[in-house]
Amino acid sequence: MKGIAYEYLLNTVYYAEVLQKQGINADMYLKMQHQHNKLAAYGLKKEMEIDFAFREAFVVVRNYVQQAIKDGLRNFQFVMNTSDVKKLTQMIALLDRNFFDKQSLDQIIEKANEVFNQYQLKN
């Protein structure tokens, strides 16, 4: 379900055709989710290989989320109220940090979707 929220965020900001041509879709999120599940299954026996695979997939998703929020803010800020602009700006700043917490990323995706949904944006 969270993969759908990720893809929805991207589709809100970008043209679906552009995303399809570049292969940007929920599969990227699902790959990260799969790596996260593998990492969690090993618990304290975190093998470097599994940890690296998760971090690699996570960074890809995190970067696409950050870029989508930046582009959405740049393109639609003129129709948004200042508190929503501030929320999105704070999300961008959080995504600049070097973190690998999937729950935090999921919350950012959810909150960004809530902000963008208020304005019924159509690309």
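Residues numbered from 1 in each chain as written. Predicted model: local features only at pLDDT ≥ 70, side-chain atom pairs only at ≥ 80, totals over all residues. Heavy atoms only, no water.

(A) The arrangement of helix 1 (residues 2-13) in detail. Along its 12 residues, helix 1 runs 17 Å from first to last C-alpha, staying within 8% of the 16 Å computed at 1.5 Å per residue. Every buried residue of helix 1 is listed here: G3, Y6, L9, L10, T12 and V13. (Helix = DSSP H or I, 4+ residues; strand = E, 2+ residues; numbered from the N terminus. Expected span 1.5 Å × (residues − 1). Buried < 20%, exposed > 50% of the residue type's maximum accessible area, 1.4 Å probe, protein only.)

(B) Local environment of the environment of A26. With respect to the secondary-structure elements, A26 resides in helix 3 (residues 26-42). A sequence separation of 16 residues divides A26 from L10, and the C-alpha atoms of the two residues are 9.6 Å apart. Setting aside residues no more than four positions away along its own chain, A26 makes contact with G3, Y6 and E7. (Contact = heavy atoms within 4.5 Å.)

(C) Focus on the packing of helix 5 (residues 82-96) against helix 6 (residues 102-117). Interhelical geometry of helix 5 versus helix 6 gives an angle of 155° and a closest axis separation of 10 Å. Relative to helix 6, the element helix 5 lies roughly antiparallel. Remark: the crossing between helix 5 and helix 6 carries left-handed chirality. Residues D84, K87, L88, M91, L94 and L95 of helix 5 form the contact with helix 6, whose own contacting residues are L105, I108, K111, A112, V115 and F116. A per-class count over the contact of helix 5 with helix 6 returns nine nonpolar, no polar and three charged. (Axes fitted to C-alpha atoms, helices over the stretch in contact; angles between N-to-C directions. Parallel < 35°, antiparallel > 145°, perpendicular 65-115°, else oblique. Left-handed = near helix turned anticlockwise from the far one by under 90°. Nonpolar A, V, L, I, M, F, W, Y, C, P; charged D, E, K, R; others polar.)

(D) Local environment of the pattern of salt bridges. A full pass over the atoms with the stated rule returns four salt bridges. The shortest N-O distance in the salt bridge between D84 and K87 comes to 3.7 Å. Residue D84 and its partner K87 are located together in helix 5, separated by three residues, close to a single helical turn. Overall, D84 belongs to the buried group, its relative accessible area being 2%. Salt-bridge contacts for K102 lead to D106; the nearest nitrogen and oxygen are separated by 2.7 Å. Residue K102 and its partner D106 are located together in helix 6, separated by four residues, close to a single helical turn. A relative accessible area of 8% means that K102 is categorised as buried. (Salt bridge = Lys/Arg side-chain N within 4 Å of Asp/Glu carboxyl O.)

(E) Layout of the nonpolar core. In this structure, Y6, M32, V65, I69, L88 and L105 are the most contacted members of the largest nonpolar core, which totals 30 residues. Those elements giving two or more residues to this core turn out to be helix 1, helix 3, helix 4 (48-76), helix 5 and helix 6. Looking at which element gives the most residues to this core, the answer is helix 4, with 10 residues. (Core = buried A, V, L, I, M, F, W, Y, C linked by side-chain atoms within 4.5 Å.)

(F) How the structure looks around the packing of aromatic side chains. Evaluated as defined, the whole model comprises four aromatic pairs. With 5.6 Å between their ring centres and 45° between their planes, F54 and F58 make a pair best called tilted. Of the two residues, F54 and F58 are both situated in helix 4; the distance of four residues between them amounts to about one turn of the helix. For F58, a relative accessible area of 0% corresponds to the buried category. When the ring of F58 is compared with that of F99, the centres are 5.7 Å apart and the planes differ by 80°; the resulting orientation is edge-to-face. Here F58, found in helix 4, pairs with F99, found in the loop between helix 5 and helix 6; they are 41 residues apart in sequence, far enough to count as distant. With respect to burial, F58 and F99 carry one shared label: buried. Over the ring of F100 we find R55, and its NZ or CZ is 4.2 Å from the ring centre. Geometry around F99 places R62 over its ring, the cationic atom sitting 5.5 Å from the centre. (Phe/Tyr/Trp six-rings, centres within 6.5 Å; stacked < 30°, edge-to-face > 60°. Lys NZ or Arg CZ within 6 Å of the ring centre and 35° of its normal.)

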